[in-house]
Amino acid sequence: MAVDFLLPAGMPAMMSFYDPAEIIVMPEITYILISHNDDSYRRIYTDGRDWPADPELAFAGYSIGKWIDEDGDGKYDVLEVETRFLKLPRGYDISGLPFHSDNQAIIKERIYLDKADHNTLYDEITVIDHAMTRPYSKKQKATRNPNPRPVWHSDVCSENNSHIRIANEPYYLSADGKLMPSKKNQAPPDLSYFKQTR
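Scope of this entry: the structure provided in the associated data block. The model shown is predicted, which means the values in this text are computed figures rather than measured ones. (Residues numbered from 1 in each chain as written. Predicted model: local features only at pLDDT ≥ 70, side-chain atom pairs only at ≥ 80, totals over all residues. Heavy atoms only, no water.)

## Description of the packing of aromatic side chains
Selection rule: Each aromatic pair joins two rings of Phe, Tyr and Trp (for Trp, the six-membered one) with centres within 6.5 Å, and gets the label stacked for planes under 30 degrees apart, edge-to-face for over 60, and tilted for any other angle. A run of H or I in DSSP counts as a helix once it spans at least four residues, and a run of E counts as a strand once it spans at least two, with each numbered from the N terminus. Using a 1.4 Å probe on the protein chains alone, a residue whose accessible area is under 20% of its type maximum counts as buried, one over 50% counts as exposed, and one in between counts as partly exposed.
Enumeration over the complete set of coordinates arrives at five aromatic pairs. Look at Trp 51 and Tyr 62: their rings are 6.1 Å apart centre to centre, the planes differ by 55°, and that puts the pair in the tilted class. One end of the pair, Trp 51, is in the loop between strand S3 (40–45) and strand S4 (62–68); the other, Tyr 62, is in strand S4, with 11 residues separating them in the sequence. Relative to Tyr 122, the ring of Tyr 112 has its centre 5.7 Å away and its plane inclined at 35°; by these criteria the two rings are tilted. With Tyr 112 in strand S6 (residues 106–113) and Tyr 122 in strand S7 (residues 120–128), this pair connects stretches of sequence that are 10 residues apart. Tyr 112 sits in the buried class, given a relative accessible area of 15%. Of the residues examined, Tyr 122 reaches a relative accessible area of 16% and is grouped as buried.

## Brief notes about the pairing of S7
Residues in a regular strand project their side chains so that they alternate between the two faces of the sheet. For the record, the criterion: Following DSSP output, two strands are said to pair if at least two bridges run between them.
When S6 meets S7, the two strands line up antiparallel, connected through eight bridges. Across the sheet, Ile 106 pairs through a bridge with Ile 128, a residue of S7. Two successive antiparallel strands, S6 and S7, enclose a turn made up of six residues. With eight bridges connecting them, S7 and strand S8 (residues 136–143) associate as antiparallel partners. Paired with Tyr 122 across the strands is Lys 141, a residue of S8.

## Some thoughts on the sheet that holds strand S11 (residues 179–181)
Within a sheet, each strand pairs with its neighbour through backbone hydrogen bonds, oriented either parallel or antiparallel. Which entries qualify depends on this criterion: Axes, fitted as lines to C-alpha atoms, cover a helix only where it is in contact. Angles between the N-to-C directions of the axes lie from 0 to 180 degrees.
Strand order in the open sheet formed by three strands is S9-S10-S11, and the pairing between neighbours is antiparallel. Two strands close off the open sheet at either side, each with one partner strand: strand S9 (163–166) and S11. Looking at each pair of strands side by side, their axes are set apart by 45° on average, direction ignored. Sheet analysis places S9 next to strand S10 (residues 169–173), joined by four bridges and oriented antiparallel. Residue pairing across strands places Ile 166 opposite Glu 169, the latter belonging to S10.

## A short note on the sheet that holds strand S1 (residues 21–25)
Read across the open sheet, the eight strands follow the order S1-S2-S3-S4-S5-S6-S7-S8; overall the sheet is mixed. Since the sheet does not close on itself, it has two edges, and those belong to S1 and S8, each with one partner. Sheet twist, expressed as the average angle between the axes of neighbouring strands with direction ignored, equals 20°.

## Let's talk about the environment of Val 78
Using the following cut-off: For this analysis, residues touch if any pair of their heavy atoms sits within 4.5 Å.
Summarising the element assignment, Val 78 is placed in strand S5 (residues 78–84). The exposure class assigned to Val 78 is buried, which follows from its relative accessible area of 1%. Once the C-alpha coordinates of Val 78 and Tyr 122 are considered, the two residues, 44 residues apart in sequence, prove to be 9.9 Å apart. Excluding residues within four positions of it along the chain, Val 78 makes contact with Lys 66, Trp 67, Ile 68, Glu 70, Arg 110, Ile 111 and Tyr 112.

## Here's the deal with the pattern of salt bridges
Close approach of charged atoms lets side chains of opposite charge pair. What counts, and what does not: Salt bridges are counted wherever a side-chain nitrogen of Lys or Arg sits within 4 Å of a carboxyl oxygen of Asp or Glu.
With the rule as written, the count across this model stands at nine salt bridges. Residues Arg 110 and Glu 70 are paired through a salt bridge, measuring 2.7 Å at the closest nitrogen-oxygen approach. Of the two residues, Arg 110 is situated in strand S6 and Glu 70 in the loop between S4 and S5; the sequence distance between them amounts to 40 residues. For Arg 110, the salt bridge identified is with Glu 124, shortest N-O distance 3.6 Å. In this pair, Arg 110 sits in strand S6 while Glu 124 sits in strand S7, placing the two residues 14 residues apart along the sequence. Residue Arg 110 is classed as partly exposed on the basis of its relative accessible area, which comes to 23%. Using a relative accessible area of 28% as the deciding quantity, one classes Glu 124 as partly exposed.

Below, the structure is given as structure tokens:
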């Protein structure tokens, strides 16, 4: 049984835009904000910085980007991004395929708008990781809501979550509020700190 304990999807899964997202482009940083799993945030630094010597690992990783004028019209139209320093354990996507434990994964992206429809965004993602024999690539598509005043909804996964982890074991909270096993023949948790009543 697969159990979700509310870990954020992180990279690259978060770029599937499974929930509403905002992309905020500033001169030296681009923010990607996704309203899911108690919110996911991503910062893409475009200020010309180098990779940090001692980075803090994060589910979204650490991203450095560069704006490109691909068609030479004087306007930036592609954001090329490289992401490193991903927090483990994690999977590539909902398949659950794990990243290699050596934490050497690199994710490269090309993010751009469709030239014929500026309400369509593409993200070409390539993951280079020692867990695979060759790079893993996919092309994500997102559609912009053109409403200048969209209605934003908020998901808080912990609000109605019935999954519980005790030590390294997953359990389930039943409708009547009692702890249940989540797999066949699962032992109960250690109750040695609770007073036993008979």
